[in-house]
Structure formats: structure tokens, C-alpha cells
Number of protein chains: 2
Amino acid sequence: MVRSRALYFDGHELRLIDDHVVERGGEALIRVGLAGICGTDLQILRGYASFRGVPGHEFVGRVVESDRSDLVGARVVGEINAACGRCDMCAVGLRRHCRNRTVLGIKGRDGVFAEYVRLPVENLHRVPDSVEDERAVFTEPLAAAFEILEQVHVDPSWRTCVVGDGRLANLIAQVLRDRVWKLKVIGRHQRKIGLLRELGIEAVEGVEPGDESSYDLVVEATGRAEGLSLALRLVRPRGHLVLKSTIASEYRIDLAKVVVDELHVVGSRCGPFRPALSALSSGSIDVRRLVDGVYGLEEFRDAFAAASSRGTLKVLLRP
Amino acid sequence: MVRSRALYFDGHELRLIDDHVVERGGEALIRVGLAGICGTDLQILRGYASFRGVPGHEFVGRVVESDRSDLVGARVVGEINAACGRCDMCAVGLRRHCRNRTVLGIKGRDGVFAEYVRLPVENLHRVPDSVEDERAVFTEPLAAAFEILEQVHVDPSWRTCVVGDGRLANLIAQVLRDRVWKLKVIGRHQRKIGLLRELGIEAVEGVEPGDESSYDLVVEATGRAEGLSLALRLVRPRGHLVLKSTIASEYRIDLAKVVVDELHVVGSRCGPFRPALSALSSGSIDVRRLVDGVYGLEEFRDAFAAASSRGTLKVLLRP
């Protein structure tokens, strides 16, 4: 058991507390090195998932206590879904969909906006020495981008479009760039569009003539309800639409289009850590340019304000 | 050119007219034998697709004129999408999704609630002698049921649920009964549920304990917006949801469930005629019990009233 400084959300406001108790309870105890603020965290502060406790699920850290002695001292990242290992989903290998799961900083389990956090050892992945903390902290969102390739058999010939230019959209575009020949990102912010172009990705502001109903694969990653309407318009008949935004509330969707054009719509959430770590290690994915600032825990108000502002990509906390 | 009695929809009301002109224009001219009233027809009379003209797309008839002399006199059913043969969808074999298509009784093409109708010869399928008109008229909706198997690779081990007990839901259940080991229909009407049970299909009224989030495949075929909410609740994480209802207007859907549970949602519309005709010919699908009445064109008001009433399955017109 340790006492930890932590950001605590009580359902109304986020506060910095000094004496948050972290019991290891058979899991690994990790000293958090860096943590990333994600769109889901911002939604949690608006009530998403009715979460109470310490939010945050993107991190890199160092194991300080564990029953697995070989892990102590190791630099690790961690999968966010802690599975029961006994339900029907776990039985078929879908541990990320465990019926009884807790989810780091999202559901029934304190997260990483704290000095210390606990996680089951089976959730941990060692970070290669070549991947410094500032890049390793992107493993979780990058895994979420790789999830698309696990769910949809993306053919290299597919005309592909990513709707959105934010932090997750950028990672998705980088993953898809290495998979398909024709990729376009439709964004809204000149700076973010410019960053994508620097990465060699075609990126434009808004829909162009010829875009309508023309893409074999469209990924909606705006985090905004309007993004879905746009994404729907872009998919060709019998095409694929991947939904990456957990838009919190119910949303109006024109089902006639989905049915008449026989679209394949796939929801997509957490993904596999291994290809993400490989891509970070090989340098095929560039995440350094996405970091807009690093804040201490005591500066959390500034950090969240920055993360919420339109022009920002990734904001990190160093607890 | 012939003059034909026909039901004409002017955007406000459906009327019986005596002098509807049918120009063959290089297509086959068909004397309609029987026509079926479908949920889409009822929606058209409420404004769906802004259709003006003669509605109706389910039929069996006899070719009376055609450039293909071997077809004259043949008893036929017809695919409802007339394709251009030149667009990108046609080029990849997706003629039912032709960019420039007209659709029988739905879009830019008069339908079958008339003595005569025209269709391109490539849309026609000869009906085997063993399949009488009262069964052949079900080819089109049965093809729509078979479409599910063309879009989703249904594994026989999948726990499968059809939501709805109407005419289309019944056909879908019969198609899936021959494909999966565990099938349940969740309906609302005792008589329709009883009919499904007579066909050897497990059918119940409403959700039972254990149904929630448990099915590998759920088919929504109620034609009602509430059906979608129910269907969504039933799909297991990473499961498949097939949408068969062209619910006319926009509808609120809880996208968080689709994303968090990583569902595969597939819209499904028109289907392949060959397996439908084969199944009717072999007798593996029983459609005779679905017919609730056969009406002449002049009785169309009674026919549509019957088709719209809750307890009815299929109503036929004999022009």
C-alpha cells in the first residue's frame, strides 16, 4: 500500500489530493512516468460512464512492486481492460470484452493521473529501450488505431478516408498510410492538417467534389456527432465505416442510408499493444510532433484546459 | 405500348386509373399475375423515397412482348433494380447498387400494381413449373432474406435471434433456421408467433432473461424504430447486427454501445433471386401460410387497409 498524489474526480470536479491510497492487492504497483489526456477523459469529466475516482488510462511507468520479481524495475505500458478470465468472452479470447472487466480510469478501477497505479501483471508490456517515455505513452491510443486492422480486413486497394484530424485521427491515418495506397484525411484545423501533410499524408479541409459516396473505407474519428453524418456521406455502397468516437449520448443517424447502401458499420475501441509497440520501436509511426505540452499534476487545470482547446493535439501529465 | 389499369400514387393518394401508358422501350413487357404488398409500399404512401407513379415491386407474371423471343410466354419474376451497366458499381458486379439505377415501383420506374409492367430482360428469372404463382410472388422478399447470407458469413454455431415476426422476419427466420443450430425469434403477435412455431422455429413474445448481450447474430426486421433499440441490446460484444428495416426517418441510436462493444452493423436490402427460387422450388421455405388475402386492383383500399393492420402477414393483389 502506498499513498499517492492523484487527480480525483468526485462526479462534479477534478481535484488534486495528496493521500490517495493505492493497495496493490496481488497486482503490480507502478510508478507512473507520463500519462496522456485522451478525449474519453474529457468526456468522463462531463459525466461519461458515471466514473468516480482517478481518471486516466494512457501511461508509461516503472514497476515498483510485483509478485513477479523479474518485472520489478521494468519500464512498462499497460492494457486498460482488466479481465476476469472466467466469463464467456474471456473463454473465447476476447478479454478486452470481458463481461466483468474493470477499465483503467474508466470503470471500477483508478487510473493513471496519479503517482502510483496498480494493474494485473498480464496487462503489462515491457517497453523496448529504444522507445523513450514521450513516445511509449502513445502505445494505448496507437493500439486503438491498430484495432481497425484487427476488425476489418483492409484491402490495400481500398480508397480510404479518415474523418478528423485530432490526436487519434492522426494515429489512425499513420497506421492506414502503411496499409492502403489511397488515403485522404478530411480535417478542420489548418495546423493539424499541416502536420498530417508533413507526415506525407494527403489532408484537406472539408469535403471535395467527388468525395461523396466514393470511399471503400471511412474511419470516423472526430469525437463529434457531426463527424458521423459526414462520414456516412462518404462511404460507397457496400463500403465500410469504422466508428472510433465514443460519442457519449444518443445520436441521430440516418439508418436508411446504412440499409439502402448496405453499409458495414463497425464500432472500434481498444486495440492490440504489440503492433503499436513495434511501430513505435521501428519509428514507422511518428508521435513526437503530437505533444503540445507536458504538465505536472499540480498544473492539471492548465493541462485540461489545453487538452480541451480546439487546436491542441496531445497533452501529457508528469505525475 | 399498352394501356393498363394501374394504381397510381400522385404524392397524396393512391388512385385506380384505367389508362396508364406502359411503353416497352426495348425492355420486356409483362402481364402481372400476382403482386405482393410490402412494408416499403406502405412507407411510400407515407412519402418514403418521394416516389410518384405506380408502386409495387413484388410480382410474378408472364412475358407478353420482348426482343428475346424465347422469353415470350415465359412465367417470370424480376429483380427490382435496373442497372446502367456502365458505372463503377456495375463494373465490380454490384448491379443492385448501380449509381444510376431505377428501382421498380420505388425510384424512377413504374411498379407492378398494374396489369402491365416493363423490365429489362436481364432482370427476369424464369419460374420453375413446380412453383405456382402464389409462392413465386414471394421470390423478391425471400431474396432479401437470403441477402443476409451473402453479406455476413454466418457460422452455424452462432446463437442467432430475429427481432420481429412479420412477413419479412418470418422469411428471414426460415432462411436462418437452415443455417444455424440455435435460432430464436422475438415477436409481438401471438398468431405470428404461433405460425413460426408451426414451422419448427423457436418464437417468443418479448425478451427473456439471458437474452441481453448474448447473441452472436441479431437481425432487426420489425420495420419499427423500437425494434432497433431492442436488437442492439441483444447483440454480444463483437457480435453482428443486420438491419433489414428501411426505417424511413432518422432515428436515435446509442452509438456508445456500437463502439464500446465493437459491434458489426450491416445494412441489408435486396438479395439474390437464385437461392430464393431454389428454396421455393425445393419446398424448404414455406410461404403459403403467409398469405392473408388476395384482392383485385379495384379492391385496393381494402387490400392496403389489410396490409397495414397489425395482425396481417402478406396481402396480394391480382391485377
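Residues numbered from 1 in each chain as written. Chains lettered and ligands numbered in written order. Predicted model: local features only at pLDDT ≥ 70, side-chain atom pairs only at ≥ 80, totals over all residues. Heavy atoms only, no water.

Asker: Help me understand the relation of the copies chain B and chain A, please; the structure alone is not making it clear to me.
Answerer: Of the two same-sequence chains, chain B is brought onto chain A (RMSD 0.0 Å, axial shift 0.0 Å) by a rotation of 180 degrees. Taken together, these values place the two copies in the relation of a two-fold axis. When the interface residues of chain B are mapped onto chain A, 100% of them again lie at the interface, so the same face is used by both copies. (Least-squares fit on C-alpha atoms with pLDDT ≥ 70 in both. Contact = heavy atoms within 4.5 Å.)

Asker: Help me understand the pattern of salt bridges in this model?
Answerer: Side chains that differ in sign of charge can pair as their charged atoms come close. Residues and elements named next belong to chain B. For the coordinates displayed, the defined rule picks out 62 salt bridges over all chains. The closest approach of N and O atoms between Lys 184 and Glu 208, which form a salt bridge, is 2.5 Å. One end of the pair, Lys 184, is in strand S11 (residues 182–187); the other, Glu 208, is in the loop between strand S12 (202–205) and strand S13 (215–220), and 24 residues separate them in sequence. In this structure Glu 208 comes out as partly exposed when scored by relative accessible area, which is 32%. Across the pair Glu 198 and Arg 289 runs a salt bridge, and its minimum N-O distance is 2.8 Å. Of the two residues, Glu 198 is situated in helix H6 (residues 190–198) and Arg 289 in the loop between helix H9 (273–282) and strand S17 (291–296); the sequence distance between them amounts to 91 residues. Looking at Glu 198, the relative accessible area reads 55%, which means it is exposed. Taking relative accessible area as the criterion, Arg 289 reaches 36% and is therefore assigned partly exposed. (Salt bridge = Lys/Arg side-chain N within 4 Å of Asp/Glu carboxyl O. Helix = DSSP H or I, 4+ residues; strand = E, 2+ residues; numbered from the N terminus. Buried < 20%, exposed > 50% of the residue type's maximum accessible area, 1.4 Å probe, protein only.)

Asker: So what exactly am I meant to see when it comes to the confidence of the model for chain A here?
Answerer: The share of residues in chain A with pLDDT of 70 or more is 98%, and the mean pLDDT across the chain is 95. Scoring the predicted complex yields pTM 0.93 and, for the interface, ipTM 0.92. (pLDDT = per-residue confidence, 0-100.)

Asker: How should empty space enclosed by the protein be read in this particular structure?
Answerer: One simple way to see leftover space: roll a probe sized like a water molecule over the atoms. Scanning the model with the defined rule gives two cavities of 30 Å³ or more in all. Looking at the largest cavity, its volume works out to about 50 Å³. Listed by contribution, the elements that provide at least two residues to the lining of the largest cavity are helix H8 (255–260) of chain A together with helix H8 (255–260) of chain B. Partitioning the lining of the largest cavity into residue classes produces ten nonpolar, no polar and no charged. (1 Å grid on protein atoms, 1.4 Å probe; cavity = no way out; pocket = protein on both sides within 12 Å on 5 of 7 lines; lining within 4 Å. Points joined across faces, edges and corners; volume = space filled by probe spheres on them. Nonpolar A, V, L, I, M, F, W, Y, C, P; charged D, E, K, R; others polar.)

Asker: Can you walk me through the packing of aromatic side chains in this structure?
Answerer: Two aromatic rings are characterised by how far apart their centres lie and by the angle between their planes. Residues and elements named next belong to chain A. Overall, the coordinates contain two aromatic pairs over all chains when judged by the stated rule. Both rings, one in Phe 113 and one in Phe 304, keep their centres 5.8 Å apart while their planes meet at 85 degrees; by these two values the pair is edge-to-face. One end of the pair, Phe 113, is in the loop between strand S7 (102–103) and strand S8 (116–119); the other, Phe 304, is in helix H10 (residues 300–308), with 191 residues separating them in the sequence. Looking at Phe 113, the relative accessible area reads 0%, which means it is buried. (Phe/Tyr/Trp six-rings, centres within 6.5 Å; stacked < 30°, edge-to-face > 60°.)

Asker: Would you mind going over the pairing of strand S8 (residues 116–119) of chain B with me for this structure?
Answerer: Residues and elements named next belong to chain B. Alternating residues of S8 divide into Val 117 and Leu 119, all buried, and Tyr 116 and Arg 118, none buried. Pairing of strand S3 (residues 28–37) with S8, which is carried by four bridges, proceeds in the antiparallel orientation. Pairing of Ala 28 across the sheet is with Leu 119, part of S8. (Pairing = 2+ DSSP bridges.)

Asker: Mind showing me how you'd approach the pairing of strand S16 (residues 264–267) of chain B here?
Answerer: Residue and element names in this part refer to chain B. Side-chain alternation along S16 places His 264 and Val 266 on one buried face and Val 265 and Gly 267 on a second face that is also buried. Here four bridges tie strand S14 (residues 235–243) to S16, and the two strands are oriented parallel to one another. Within S16, the position partnered with Val 242 by the bridge is Val 266.

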